[in-house]
Amino acid sequence: MNNLKNRYVILDLEATGNSPKNGDRIIQVGAVVVEENKIIDRYSSFVNAAAPIPLFVEQLTGISEEVLDDAPDFLEVAPELLKRLDGAYLVAHNVRFDLAFLNFELERCGYEAFMGPVIDTVELSRMLLPRADAYKLNQLADYLSIDHANPHQADSDAEVTAQIFIYLMKKMEALPLLTLQNLEPLVKRFHSDVEHIITALIRKKLTSLQQDEEEIDVFRQLALKWYEEKEDKGDRLEVDFTASREEMMKELSTVMQGFELREGQTEMMKAINEAQEEKRHAIIEAGTGIGKSLAYLLPSIYLAKKTGKPVVISTHTIQLQQQLLDRDIPLLKEILPFDINAALLKGRNNYIDLRRFEQQLFQTEENNYDTVLSKAQILIWLLETDYGDVDELNLPSGGKIFWHQIKSDVNVSLTQKSPWFSRCFYQRRRREAQQADIIITNHALLFTDLVANHQLLPAYDNVIVDEAHHLEDIVGDYFGVRTDYFSLLQQFDRIGLKDGSGLNVKIKDLLEEKGLFRELEQLNVTEDQTRVVLSDIDETFRMLHSYAARKVSGSNEIGRLSYRLTDEEGEYWEAITEAANRVVFGTRDILKQLKGIVKALEEKQEHLSMDEKGIVADFQSMVNALGEEGEKINYLMLEHHANEVKWIEVDPKGPINSAFLFSKPVEVGELLADQFFEKKDSVVLTSATLSVKNSFSYILERLGLEAFDPITKQLESPFDYEEQARLMVPVDLPLIKDVSSDVYVQAISAAIVSIARVTRGRMLVLFTSYDMLKKTHFVVKNLLEEDDISLISQGVDSGSRMKLTKNFKQTDEAILFGTSSFWEGVDLPGEDLSCLIIVRLPFSPPDNPLFESRSEVIKKEGGNPFMDLSLPQAIIRFKQGFGRLVRTQKDRGVVFVFDRRIISTRYGKLFIQSLPPVPVLKAPTEDLLNELDIWL
């Protein structure tokens with residue numbers, strides 16, 4: 001039978017709940033029949049469940065008990081479904097749910113359960129649409145531009161699922177033969193019965209001698225998207241930005257809908273052009289809505305064309321990088337009188353290594369479902385990607401582990417002798433960067449390049465650092481060191497020394513095959529040594545956990561306890577350092593043996609196949625990584641370094657060896673001055689939040705810029721905050737120091753719920769403490785039990801910041817709780833956000849080890865840690881939080897500050913003075929709620 005002509009019945013069921021075994025019943029059936037990728041029949045019916053319909057189900061589906069009064073029983077519906085299902089595939093979006101209800105009802109009515117083949121469109125979409133953001137039905141409909149008129153109605157959902165299924169089938173039929181052949185063994189381990197469909201497609205392509213599309217590059221065992229290298233950027237041009245600026249602005253208004261020439265944007269362009277022409281550094285605070293990306297791109301492009309050297313644009317977030325590359329650069333290409341070459345360059349680990357993927361793909365013993373699905377996704381993705389960047393991929397959670405086995409790695413990725421070198425995605429990006437006028441990167445790579453003596457980025461003299469308020473922390477991270485028990489354990493694990501598995505087995509086989517018996521014996525001895533070292537590692541981190549837990553109380557914003565290491569002494573600390581010494585010397589001894597094994601294999605290079613060379617390269621990489629991780633223990637535990645703070649963090653509820661060791665420079669100003677600002681012609685730092693009390697003195701001093709006499713510019717937001725925003729301070733909420741933690745949580749929870757009932761959700765609540773967020777979450781959840789308002793909380797609900805934000809946007813009435821990472825970079829324009837609550841002014845905890853150390857330095861120099869460090873830091877963070885509310889000219893909203901210190905202390909007024917002019921209302925909560933209701 002030709003599977004391409006099979007019948008597919010796309011089924012969707014609405015039910016009173018999730019479990020038929022617990023008494024939930026079907027209330028609506030929708031079925032769509034597809035043959036030859038066409039809809040040939042539809043069937044839908046309400047079903048009298050003879051069971052109560054919960055309120056949330058009625059609100060979700062619009063189906064009430066009254067609607068079902070005259071509906072048929074499932075007994076009458078069953079023959080209609082069975083007639084269509086005879087000899088057909090059952091297809092559904094999350095098929096297990098529909099199949100469980102269908103079979104329960106069929107058996108209840110005396111019929112046999114459906115035992116035919118099934119296809120889950122969630123699973124099929126994951127494989128065939130690896131770049132989709134999400135796989136819920138409405139999200140996929142949006143992604144594929146399919147109209148979904150009545151979500152959560154079975155007939156509408158079945159129709160949309162059918163359209164998605166037809167799209168997926170057509171895409172599968174168009175896959176190249178080689179991709180289908182590579183997918184065939186993988187889909188055997190899928191939940192969906194698609195193996196026969198793929199086998200039939202392979203047979204058809206083999207017998208019809210179809211030619212795969214020209215845009216496919218078939219190489220070795222993989223089919224890739226065909227890629228043309230970009231042309232050379234050409235010679236320098238005689239261009240003058242100042243003379244061209246006004247003409248450019250006029251051109252922009254013709255290609256950019258709604259573009260308005262803003263005075264602040266023009267001023268920013270002039271300041272950047274001046275800094276670049278005069279080879280000076282600059283600090284520019286550009287309020288929200290200035291249009292700063294275009295303001296720095298235009299002069300930078302002209303400079304690159306004039307000098308023939310690239311300008312680097314560095315951002316903190318991926319979203320801003322994509323905006324620059326996908327929106328702003330294409331826009332400027334339309335108006336500029338010359339071509340622009342722009343390249344995005346990320347750290348090497350962001351790109352897939354095709355040699356490693358090829359090697360992993362054909363390991364048929366793999367049984368982990370997430371790994372199998374990831375392999376299938378990547379086979380499809382390779383037909384679509386130009387750059388092999390993991391950020392394009394939506395891998396399952398287990399696939400993120402698999403990525404570590406296939407990512408590009410400086411130690412593993414083979415040289416130009418590798419057959420894959422010409423198709424290496426990382427090298428492709430580097431070649432593009434070499435030819436680029438504008439190189440877009442992130443702060444992480446910018447400073448990794450600095451630490452790596454400029455081996456990653458092409459030579460550059462001019463850089464724009466956007467989101468520059470992060471600079472001090474980022475530099476601290478990249479000149480810092482960290483490790484933990486699991487990081488060390490993972491390195492031994494990856495090699496397979498811990499339990500004699502994985503790569504270790506392959507190396508043993510290779511040593512035996514090449515007659516390297518002395519080295520084989522050496523490897524066996526190393527396994528025994530590893531068990532001793534692992535015991536020492538466990539002991540070291542258990543003692544560190546115990547030591548830190550006894551020294552401190554109170555947790556940081558991610559729920560860990562922190563303890564700063566100063567001049568530790570005593571018997572217990574001596575026992576810890578003795579154990580750490582054993583770890584360092586034991587690891588070094590193991591490394592010496594392993595490096596000897598690698599050397600012996602490298603001497604046999606000419607006798608090794610390409611796959612064998614790959615195994616040796618992988619082994620070498622892991623040996624190097626183990627060496628780096630082992631030396632971190634020496635650095636963090638056994639050495640002293642000036643201008644550094646070291647500390648331990650422990651998870652009080654985690655395993656008893658879950659201790660984390662950190663070291664960071666206390667002051668980064670000198671490092672930046674000597675290694676960055678001194679060596680560049682012009683560095684422009686920009687952000688919406690760089691000034692404190694209308695002064696840049698804090699940021700100049702922290703970043704080591706004082707001696708460089710930079711250009712400084714403060715540009716106000718064009719938004720009308722007096723019309724668009726209100727700042728409200730309830731005067732009847734307690735100060736946290738005056739009451740117990742529980743009393744405070746109860747008070748703010750009641751206020752949050754009262755405000756949410758007025759705004760109908762659409763609220764972001766920012767906390768400075770994860771503990772308080774968690775406690776407030778549970779109180780608010782109970783108080784909202786009767787309300788149809790969803791609560792989404794960082795750290796309580798699973799998922800990344802991006803996922804939680806997306807869930808918030810897609811939920812009509814929701815409250816989003818967040819800590820540190822939500823104070824910035826979260827974009828919720830328009831109706832998504834009407835109210836922002838700042839629970840406490842965002843001062844750093846005084847016992848934060850880095851903050852403590854910086855405070856001590858300021859004290860020694862005769863300064864005031866509160867005024868010179870704590871307050872400026874908090875004001876900048878507060879401004880970031882405030883900036884979440886008004887993102888466009890049309891946004892309106894209210895900021896509530898629950899911390900009365902903002903109006904009752906002298907320093908509190910500095911927070912308000914640092915904001916744009918916004919009306920401030922101080923009153924009891926009840927009065928403010930009335931004001932809020934009227935204003936919204």
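Scroll up for the structure.
Cut-off values and rules
- Residues numbered from 1 in each chain as written.
- Predicted model: local features only at pLDDT ≥ 70, side-chain atom pairs only at ≥ 80, totals over all residues.
- Heavy atoms only, no water.
- Axes fitted to C-alpha atoms, helices over the stretch in contact; angles between N-to-C directions.
- Helix = DSSP H or I, 4+ residues; strand = E, 2+ residues; numbered from the N terminus.
- Parallel < 35°, antiparallel > 145°, perpendicular 65-115°, else oblique.
- Contact = heavy atoms within 4.5 Å.
- Nonpolar A, V, L, I, M, F, W, Y, C, P; charged D, E, K, R; others polar.
- Core = buried A, V, L, I, M, F, W, Y, C linked by side-chain atoms within 4.5 Å.
- Buried < 20%, exposed > 50% of the residue type's maximum accessible area, 1.4 Å probe, protein only.
- Expected span 1.5 Å × (residues − 1).
- Bend = angle between axes of the 7 residues up to and from the residue.
- Phe/Tyr/Trp six-rings, centres within 6.5 Å; stacked < 30°, edge-to-face > 60°.
- Lys NZ or Arg CZ within 6 Å of the ring centre and 35° of its normal.
- Pairing = 2+ DSSP bridges.

Draft legend 1. The packing of helix H14 (residues 354-361) against helix H24 (residues 610-638), seen in detail. Following both chains from N to C, one finds H14 and H24 inclined at 110°, their axes separated by 11 Å at the closest point. By the angle class used here, H14 and H24 are roughly perpendicular. Here Arg355, Arg356 and Gln359 of H14 lie close against H24, whose contacting residues are Asp611, Gly614, Ile615, Ala617 and Asp618. For the contact of H14 with H24, a count of residues per class yields two nonpolar, two polar and four charged.

Draft legend 2. The nonpolar core, seen in detail. Among the nonpolar cores identified, the biggest contains 102 residues, and Tyr8, Met127, Met172, Phe357, Phe676 and Leu685 are the most heavily contacted of them. The leading source of residues in this core is helix H7 (residues 154-173), at nine residues. Met127 has contacts with Met172, Leu183, Val187, Phe190, Leu373, Ala376, Gln377 and Ile380, leaving out every residue within four places of it along the chain.

Draft legend 3. Local environment of helix H13 (residues 318-335). For H13, spanning 18 residues, the distance from its first C-alpha to its last is 26 Å, which sits close to the expected 26 Å at 1.5 Å a residue. The largest bend in H13 is about 35°, located at Leu324. For H13, the set of buried residues is Leu320, Gln321, Leu324, Leu325, Asp328, Ile329, Leu331, Leu332 and Ile335.

Draft legend 4. Local environment of the packing of aromatic side chains. Taken as a whole, this structure holds 25 aromatic pairs when the rule is applied. Arranged with centres 6.0 Å apart and planes meeting at 70°, the rings of Tyr227 and Tyr387 form a pair that is edge-to-face. Of this pair, Tyr227 sits in the loop between strand E7 (222-225) and helix H10 (241-255) while Tyr387 sits in the loop between helix H15 (369-381) and helix H16 (399-406), placing them 160 residues apart in sequence. The burial state of Tyr227 is the same as that of Tyr387; both residues are buried. A centroid spacing of 5.5 Å and a plane angle of 65° characterise the contact between Phe241 and Tyr302, whose relative ring orientation is edge-to-face. Here Phe241, found in helix H10, pairs with Tyr302, found in helix H12 (residues 292-307); they are 61 residues apart in sequence, far enough to count as distant. On the basis of relative accessible area, Phe241 is assigned to the buried category, the value being 4%. The exposure class of Tyr302 is buried, given its relative accessible area of 4%. An aromatic cluster of three or more residues is present, and its members are Phe843, Phe866, Phe878, Tyr907 and Phe911. Directly above the aromatic system of Phe585 lies the positively charged group of Arg588, at a separation of 5.3 Å from the ring centroid.

Draft legend 5. Just the side chain of His470, in detail. With respect to the element layout, His470 can be found in the loop between strand E12 (462-465) and helix H19 (471-478). Among all residues touching His470, those that are not within four sequence positions of it are His316, His443 and Glu824.

Draft legend 6. Up close: the sheet that holds strand E2 (residues 26-35). Read across the sheet, five strands follow the order E3-E2-E1-E4-E5 without closing on themselves; strand pairing throughout is mixed. Only two strands of the sheet have a single partner each, and these edge strands are strand E3 (38-46) and strand E5 (118-120). Sheet twist, expressed as the average angle between the axes of neighbouring strands with direction ignored, equals 20°. Bridge count between strand E1 (residues 7-15) and E2: nine bridges; the pairing is antiparallel. Bridge pairing in E2 links Ala15 to Ile26. Helix-sheet contacts for helix H3 (residues 74-85) involve E1, E2, E3 and strand E4 (89-92), and the interaxial angle to E3 is about 170°. Its contacts with the sheet place helix H5 (residues 121-128) against E4 and E5, and it is angled at close to 55° to E5.

Draft legend 7. Main features of the sheet that holds E12. Pairing is parallel across the open sheet formed by seven strands, whose spatial order is E10-E11-E9-E12-E17-E8-E18. Two strands close off the open sheet at either side, each with one partner strand: strand E10 (342-344) and strand E18 (711-715). Between one strand axis and the next, the sheet turns through 15° on average, direction left out of account.

Draft legend 8. Fine view of unusual backbone geometry. The phi torsion at Asn37 lies on the positive side, around 60°, for a residue other than glycine. Relative to the elements of secondary structure, Asn37 occurs in the loop between E2 and E3.

Draft legend 9. Up close: the pairing of strand E17 (residues 682-687). Summarising burial for E17: six of the six residues are buried, a large majority. Of the two faces of E17, the one lined by Ser682, Val684 and Thr686 and the one lined by Val683, Leu685 and Ser687 are each fully buried. Across four bridges, strand E8 (residues 282-286) lies against E17 in parallel orientation. Along E17, the bridge assignment pairs Ile284 with Thr686. Taken together, the four bridges between E12 and E17 define a ladder with parallel strand orientation. Looking at the pairing, Asn462 lines up with Ser682 of E17.

Draft legend 10. A look at the environment of Ser687. By the element assignment, Ser687 lies in strand E17. Considered as a pair, Ser687 and Gly287 are 400 residues apart in the sequence and their alpha carbons are 7.7 Å apart. Excluding residues that lie within four positions of it along the chain, Ser687 makes contacts with Ile284, Glu285, Ala286, Lys292, Glu467, Ala468, His469 and Gln880.

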